[in-house]
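Commentary on secondary and tertiary structure
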Amino acid sequence: MKPMAQLAMVMNLDKCIGCHTCSVTCKQTWTNRAGVEYVWFNNVETRPGQGYPRTYEDQRRWRGGWTLDRRGRLRLRGGGRLRKLLTIFDNPILPELADYYEPWTYDYDTLTSAPVQRHTPVARPKSLLTGQDTKVTWSANWDDNLGGAPELARRDPLLAELGDKVRLEFEQTFMFYLPRICEHCLNPSCVASCPSGAIYKRSEDGIVLVDQDRCRGWRMCVSGCPYKKVYFNHRTGKAEKCTFCFPRTEVGLPTVCAETCVGRLRYIGLMLYDADKVLDIASTPDEHDLYPAQRDAFLDPNDPEVIAACERAGIPRDWIQAAQRSPVYALINTYRVALPLHPEYRTVPMVWYIPPLSPVVDVLRETGHDAEQHDNLFAAIEALRIPVEYLAELFTAGDIAPVEAVLRRLAAMRSYLRDINLGRETRPEIAERVGMSAEQLYDMYRLLALAKYDERYVIPAAHAEQARGLEESATGCSLDYDGGPGMDGWGPFGESSGGTTPVAVENFRMLRDRQTSDTESAPVGKSGRVNLLNWDGRGTPEGLLPPRTGGRHRK
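In what follows, the accompanying structure is described. Since the structure is predicted, the reported quantities are computational estimates derived from the model, not experimental observations. Residue indices begin from 1 for each chain and proceed along its sequence in written order. Totals for whole chains, interfaces and linings use every residue, but because this is a predicted model, local features are given only for residues with pLDDT of at least 70 and side-chain atom pairs only at 80 or more, for both listing and counting. Heavy atoms throughout the structure, all of them, feed into the side-chain values; hydrogens and water do not.

This part covers the packing of helix α17 (residues 388–395) against helix α18 (residues 400–421). All axes are obtained by fitting lines to C-alpha atoms, using only the stretch in contact for helices, and the reported angles, taken between N-to-C directions, cover 0 to 180 degrees. Under the DSSP-based scheme used, a helix requires at least four consecutive residues in state H or I and a strand at least two consecutive residues in state E, with every element numbered from the N terminus. Running from N to C, α17 and α18 cross one another at 110°; their axes reach a closest spacing of 8 Å. As far as their axial angle goes, α18 and α17 are roughly perpendicular. Within the contact between the two elements, α17 uses V388, E389, L391 and A392 and α18 uses I400, V403, E404 and L407. Geometric relationships in this document are graded by angle, where less than 35 degrees denotes roughly parallel, more than 145 denotes roughly antiparallel, 65 to 115 denotes roughly perpendicular, and other angles denote oblique. In this analysis, two residues are considered to be in contact whenever any of their non-hydrogen atoms come within 4.5 Å of each other.

Shown next as structure tokens:
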């Protein structure tokens, strides 16, 4: 046994309202710099839908993650070292900008400086990359709330596996929200795909990060990640990704997306796992066995043998105690209601989800039945408006049984707690039918519905003896210092991630001025010069070459 610790997250999809607050706060904190205008470390997708980037789940096209060869050995789906060497200067398996979207803003200056006229002036959309007029045709949440369905929803790669199971007529289409961040996998394919070894997994907490000094911009990590949660900064030539807000977690604070979540649907905690079993998990022959194999590899933090092994491995005592109080462990292993996202990619993901149940209650209520009666709920799960088969394609590689088991436990919790709320005598047989005790049902209800801040986020602070592996202080991502999130004048990746107006709200004129200046605010008399470090490489802006004199450039 080789015990290791991993920070993990569970999201309760029954509570997500699709407000995108998590996406906006993450954007302002981490990706409000030039070169990452199109990047969303956290995004919220409407399912069914194409996702972001478009159809990222179609691994026949993108070839991300791992697969087993004929001998049952684990291999990168995108090819090994030889293939990467042959395509290192021309990687053919990359999403194009259209698959993400071309970021834009509006020419607000036209509105504020236009003279009095008969017609209202129009702020045309301008590309944040070129500064030219553009046509808005796609974005990170273009099909939000089934916008454009059924035309867009039909392109969901998962629907190809379901045939006629899903009807996309407006009045019959199901919908739920799926927030996504980097999975910080135990077997990350992005790490294995990087030729320069710039992506690494921290041994102290399992967070996957990019070493900006070692990154050479090969973008093999973008191809290798099946979730497409690694992005390329076209200004710096480096890869960037979700950092699990490690400057915050190192001091015991939750990630920004969790801190600001309106629905309080995110849980963060520590998981202990046996590192010696990771390869065996990822190499499990039957895809349907990947979920139980990963769950069984998690170590019981209350087991005396596990505690002794952790202490021998140098895991601090307070970290072991945090693992014992972890809400993530409770939801995954104790109550068994959380499921991994696409385990068939064999990356062993560490961001898990509680599948949604709410629509079945609404449907039952509309039919005049008692929507909270456990017999009705159990029977209706098979006819759930959100097809169980669709949820299985998301969370259990198509295996329906684990998803049905989770939904039955959630339904049992609703029915059991309803009796308590109405002052009726409780029925322990409800819990027994789903393999739980009445106490477990109530404890699960408390965690899912009533848990306070320190119960939802059990994050042990980093130790001084781990300092050599920790790169930055917490101030670069804190929400409680002067200037707000990401506005302290320098960023976690350099190049002033917030000292000036954030790119997310910067108009194209300001962007053009900044790209043609020597500093963040151009000195007097030098606004016509081009700083090659700021120049985006497009066109020949004024000041790039000496002015022409008599048809020739002045020497």
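The rest of the description comes next.
Moving on: the packing of aromatic side chains. Planes of paired rings set the category: under 30 degrees apart is stacked, over 60 is edge-to-face and the rest tilted, where pairs are Phe, Tyr or Trp rings (Trp by its six-membered ring) whose centres lie within 6.5 Å. Scanning the model with the defined rule gives 16 aromatic pairs in all. For the pair Y52 and Y231, a centre-to-centre distance of 6.2 Å together with 25° between the ring planes defines the contact as stacked. In this pair, Y52 is assigned in the loop between β2 (43–47) and α2 (59–62) and Y231 in strand β10 (residues 230–233), connecting sequence segments 179 residues apart. Given a relative accessible area of 0%, Y52 falls into the buried group. Y231 sits in the buried class, given a relative accessible area of 1%. Measuring from ring centre to ring centre gives 5.9 Å for Y100 and Y231, while their planes differ by 55°; the resulting arrangement is tilted. Residue burial is assigned from relative accessible area. The probe radius is 1.4 Å, only protein chains are included, and a residue is buried under 20% of its type maximum, exposed over 50%, and partly exposed in between.

As a further point, take the environment of D58. Looking at where D58 falls in the secondary structure, it is placed in the loop between β2 and α2. Taking the C-alpha atoms as reference, D58 lies 8.9 Å from D156; in sequence the two are 98 residues apart. Between N or O atoms, a polar contact is any pair within 3.5 Å; within protein, one atom must be a potential hydrogen donor and the other a potential acceptor, and residues adjacent in sequence are included only when both atoms are from side chains. Separated by 3.3 Å, the side chain of D58 and the backbone nitrogen of R60 make a polar contact.

With that out of the way, let us pick up the side chain of H342. If you trace the backbone, H342 turns up in the loop between β13 (339–340) and β14 (351–354). A polar contact of 2.6 Å, which involves the side chain of H342, links it to the side chain of E57. A distance of 3.5 Å separates the side chain of H342 from the backbone oxygen of E393, its partner in a polar contact. With residues near it in sequence (within four places) discarded, H342 still touches E57, L158, Y227, E393, L394 and F395.

Next up on the list: the packing of α18 against helix α20 (residues 438–450). Relative to each other, α18 and α20 sit at 95°, their axes nearing to 10 Å. Between α18 and α20, the interaxial angle falls into the category roughly perpendicular. Packed against α18, whose contacting residues are R409, L410, A412, M413, Y416, L417 and I420, the element α20 presents A438, L441, Y442, M444, Y445 and L448 at the interface. Gly is put with the polar residues, along with every residue not named as nonpolar or charged; the nonpolar set is Ala, Val, Leu, Ile, Met, Phe, Trp, Tyr, Cys and Pro, and the charged set is Asp, Glu, Lys and Arg. Across the contact of α18 with α20, the residue classes break down as 12 nonpolar, no polar and 1 charged.

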